[in-house]
Every structure is written in C-alpha cells, then in structure tokens.
Amino acid sequence: WWDERVSARFRRNLQPTLTYWSVFFSFGLCIAFLGPTLLDLRCQTQSSLSQITWVFFSQQFCLLLGSCLGGVFKRTLAQSLLALFASSLAISLVFAIIPLCHNVLVLAVVMAVAGLAMGCIDTISNMQLVKIYQKDSAIFLQALHFFVGFGALLSPLIADPFLSDTNCILSNGTANASSNLPHIRKSLVPHHPGNLSHYELPMKGMVVTRVSYAFWIMALINLPVPIAVFFLLYKERMVPCFNGSSHPLLSADELALETRPGDKDELSSAAQRPQTAAGHEDLFSCCQSQNFRGASFTYFAVHITGALVLFMTDGIVGEYSGFVYSYAVEEPLAVVHKVAGYLPSLFWGFITLGRLISIPVSYRMKPATMVFINVVGVLVTFLLLLIFSSSVVFLFVGTASLGLFLSSAFPSMLAYTEDILHYKGCATTVLVTGAGIGEMVLQLLVGSIIHDRGSYSFLVCGMIFGCLAFTFYALLVFFHRMYPEPSPELDEASPAKAAAPEDTGQYQR
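Residues numbered from 1 in each chain as written. Predicted model: local features only at pLDDT ≥ 70, side-chain atom pairs only at ≥ 80, totals over all residues. Heavy atoms only, no water.

The chain goes by MFD4A protein in an unreviewed UniProt entry, where it is assigned to Helopsaltes ochotensis. Regarding the chain, the UniProt comment filed under Subcellular location (unreviewed entry) reads as follows: "Membrane". (UniProt positions renumbered as here; feature names shortened; annotations may be inferred.)

This is how it looks when you write it as structure tokens:
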C-alpha cells in the first residue's frame, strides 16, 4: 500500500526510524504509570493525598518545558541522538530510582526529570522524522504516535499485579480507610488525580506495598531503548571516540526513484532542504526577531492556528481521560465504580487502535483530510454524547469513538502544517508546545468548572472545545489558501538540481 520510492527511503532509513519509534515507546511507558500507582507511592513516601498529587504537576510542567527546550538539540544529528540517548536512559533510571524515593519532594524532583526527558523525546523524534521523510512523513508520524499509545497501555498492565488491594499503610484506622481505596484508585487515571481531598487515609504506620517490583520491571523493559539509540550513534560514528561518516551510498535504482523526472514536488522539496536545519528551531530561537524578517501575515497565522487546533484536541484527550470516570459515577448515569474504571482504558485502547489504523490510511489520504475527519468526528461524538447523556451504553460507544477520532489528530496536523510551510517554519516546535499547554490548561479549567457547575458540564466543555477546534481548523485551511506557494526555480541545467539527490531523505549532520 505504498510505492517503491517510499519503500526505498524507508529501507535506507530503517534503523533510525525504528529507533525513533522505540524512543516514543519510552514516552508512552512513562506517561501512563503514575495514575494507577499513585496511592502506593503515597504510602511509600508517607505523604498526604494532597501532597502526592503535586507529582502530577511536576511531571506535566517539566514535560511542557522539555518540549520547548527539545528544539535546542536539533542543530546537528549528533546533538539530537545524544539528547535522545540521555532522555531514554534517564527514563530507565527514573523507573529504577522511584522505589528508593521515600520523600514526596524527592519523588516530585525525579518525576520532573522524567518530564524533561519526555518533552525532549516528543520534540526531537517528531522533528527528525519530518526531516528524514519530508512530504512522506505523515505515515511514519502515525506509526510514531502508535507507539505512545502502546506504551501507555502497557505500563498500567505491568503495574496492576503489584498494586495494593487494601490500604498499604497499616495503622489503627486501616479498617475504615480500606473500603475507600478501590474507589480512589479508579479516580487516579493517567492524566489527572481528581478531587481526593475528602478521602482520609492514614499517613503513619508500616508500609506494605509491592509496587517497587513494577517499576523495576518497567526499567528493564525500557533499557533496550537507550541501547538502540547508542547503536545508532555508533553506526553513524557519533560516539566521541569515533570520527567520520558512515552514510550508505544510494544504489542506482534508489537514486532513480528519488529523482524521477515526473516527481516535481520532490524536486521542489529537495531544493528547500538546505534550509531545513534553519527552519526547525527551538521555541526561543523561533521567537528571535531575525526569523520574522520578510515573513508574511499568513506565515504567523498558520503557526498559530495549527497550534490552537492541537491545543484543543490534545486538551480534550487530557480532560476526557481525566474526568470521564468522575462523570460516569455521578448522577444521572451512576455507573458502578468497577465498570466506570474501564472507561479511561477503553479511551486509550481506541486511541492506540486508531493510530494503528491511521498508518496505512495516511498513505492514501491527505493530512488535511484526516484532520478534517478528526475534528468533525470529535464534534459529532460530543453532540451525540450530549443528546444521549442518560445512556450508559452510548457513553462507552462515545468514548471509543472519541478515542478513534482523536488518535491521529496530532501527527496529521503536524504533517499538514509542515507541508504548508514547506518545512521552513517552526511548526514542529510550536505545535508540540501548543499541544502540551492545552493538555495542562484544559485539565485545570475543566476540573474547576465541574467542581462549580456539576458533572454535566464535562460534556458541555467537550462540545465547546470541539467547536473551537473545528473553527481553528477552518481558519488554518483559509490561511493555507492564502499562503504563497514556492516558485519552482529548478531547470535541467541548474546546479541546484544536480545537487538535489545528495539530500533525498538522508540524515543531516
């Protein structure tokens, strides 16, 4: 379901592509374990529930900060790979160190380090795949984000056998507190701790948690990832004790496929690639005044509207997975707590399934069309959830549908925006940052609204965010039509054309 040209490019970049995919598995593994294990970590640190929930904030805030700073390491391939090696190794070390953290402040610092590593992985992996595949990047970005969902599904499954069935701090009040634990644990979904202030659990006593084994298992599972990055560094001769280059030469058939005369888009893209390194900046470099010189209004509008679409869609992912359980157990649905606990897992499961389906679909469908389907599907799903708000069955159906429609929003939007800007803007950095801010801000906003207005406002907020996402997408399409297309200046005798095959999807050092 893909042509020989894309297949040749994939074979030539097989090791780096698989490495970036595996690094994103680390990202997913780290993002979803905190929710189900938070009560056991509270017992380990002997802290209050209000104190331990700050660990969520430290991870999310530093993830956003890491996403902003990740572009700093894009200037050379060596910097990018070294940053990925350090980040993936840091995640393994974090998993190994967490069982040794018996103070909540120390645990928050360790999770902040994990957040920084995850932010760097998020920005660098997306950026490098876009650099390698350019116009063909959509399908590989879909696969990249599938591995996030796969890791996010795996880590709670690893942790589940080691979670305490009763309160993990034994004291005189344990008997009264134990009955609350299953309900509280179901409230602690991966993205938001919920309102736990009215639950009282003992803070002093003998700790009887076995969750340490889960973290050590996850550390071992993640260990092959930094090893894979190290092997890529070694192959590219970027380990400090080696020098030189080891880029494979293109075969005659692959060279012909990359530069076939009928592929004008590829030639135009190749002409722009010498400027790619200057285009994918970190957030702070993007904001420098020299980058604004000669830029049109639509250049800024494309960046802003693309980021706002992801601000809404990624924010919906965070707030829905964070509050769907609380919505389900309240009136009028009043779903049994154990049954409602499956909703976040169902949501993430269908996000993973949707990303898997999007891999072949993205090759045949334009990114703009996929984003349109995403935002319209989200809007329609929330509308139906509002209409059938008293139906438990439709809540499960709507949760699965929402996961499918949101699954490919980020990679499709990234591919679409980079196509508009011809890989010269700061789209990757701006979009990753906008998505991270949206996930953090909308969780806090929806949490406060639900607290003041009741659980029904959960769906109303989702509907409003869906409408805003569609509006911003419509504006993005409008600015796309206004954005100037590149003028093809290559001719048969031009030196630029002769040099184009040297940069057809290969790494840039």
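Asks: Let's hear about the side chain of threonine 381: which residues, and what values?
Replies: Mapped onto the elements of the fold, threonine 381 is located in helix 20 (residues 367-387). Taking relative accessible area as the criterion, threonine 381 reaches 4% and is therefore assigned buried. With residues up to four places along the chain from it excluded, the contact list for threonine 381 reads Gly398, Ser401, Leu402 and Phe405. (Helix = DSSP H or I, 4+ residues; strand = E, 2+ residues; numbered from the N terminus. Buried < 20%, exposed > 50% of the residue type's maximum accessible area, 1.4 Å probe, protein only. Contact = heavy atoms within 4.5 Å.)

Asks: Explain unusual backbone geometry residue by residue, including any values.
Replies: The phi angle at alanine 334 is positive, at roughly 50°, despite the residue not being glycine. When you line up the elements, alanine 334 lands in the loop between helix 17 (297-329) and helix 18 (337-340). By relative accessible area, alanine 334 is classed as partly exposed at 40%.

Asks: Provide a residue-level description of the confidence of the model for the chain, including the pertinent values.
Replies: Caution applies to low-pLDDT regions: their predicted coordinates should not be interpreted in detail. Averaged over the chain, the pLDDT score is 75; the fraction of residues at 70 or greater is 72%. Between residues 173-179, whose pLDDT stays under 50, and residues either more than four places distant or in other chains, the model counts 8 contacts. Predicted confidence for residues 244-280 stays below pLDDT 50, and this span has 73 contacts to residues more than four positions away or in other chains. (pLDDT = per-residue confidence, 0-100.)

Asks: Give me the environment of leucine 333: which residues, what numbers.
Replies: Relative to the helices and strands, leucine 333 is located in the loop between helix 17 and helix 18. On a C-alpha basis, the gap between leucine 333 and serine 390 in space is 5.9 Å, while along the polypeptide they are 57 residues apart.

Asks: Give a description of the packing of aromatic side chains that names residues and reports values.
Replies: With the rule as written, the count across this model stands at 21 aromatic pairs. A centroid spacing of 5.4 Å and a plane angle of 75° characterise the contact between phenylalanine 146 and phenylalanine 147, whose relative ring orientation is edge-to-face. The exposure class of phenylalanine 147 is partly exposed, given its relative accessible area of 22%. When the centroid spacing of 6.1 Å and the interplanar angle of 35° are considered together, the rings of phenylalanine 162 and tyrosine 213 count as tilted. Taken as a pair, phenylalanine 162 in the loop between helix 8 (137-159) and strand 1 (169-170) and tyrosine 213 in helix 11 (residues 211-222) lie far apart in primary sequence, 51 residues in all. (Phe/Tyr/Trp six-rings, centres within 6.5 Å; stacked < 30°, edge-to-face > 60°.)

Asks: Which residues make up the packing of helix 8 against helix 22 (residues 409-421), and what are the values?
Replies: In a packed pair of helices, the relevant descriptors are the angle between the two axes and the axis-to-axis distance. Two numbers describe how helix 8 lies on helix 22: the axes approach to 9 Å, and their chain directions differ by 155°. Classed by the angle they form, the pair helix 8 and helix 22 counts as roughly antiparallel. Crossing of helix 8 against helix 22: the hand is right-handed. On helix 22, the residues that touch Ser137, Ala138, Leu141, Gln142 and His145 of helix 8 are Phe410, Pro411, Ser412, Leu414 and Ala415. Of the residues assigned to the contact of helix 8 with helix 22, the class counts are 6 nonpolar, 4 polar and no charged. (Axes fitted to C-alpha atoms, helices over the stretch in contact; angles between N-to-C directions. Parallel < 35°, antiparallel > 145°, perpendicular 65-115°, else oblique. Left-handed = near helix turned anticlockwise from the far one by under 90°. Nonpolar A, V, L, I, M, F, W, Y, C, P; charged D, E, K, R; others polar.)

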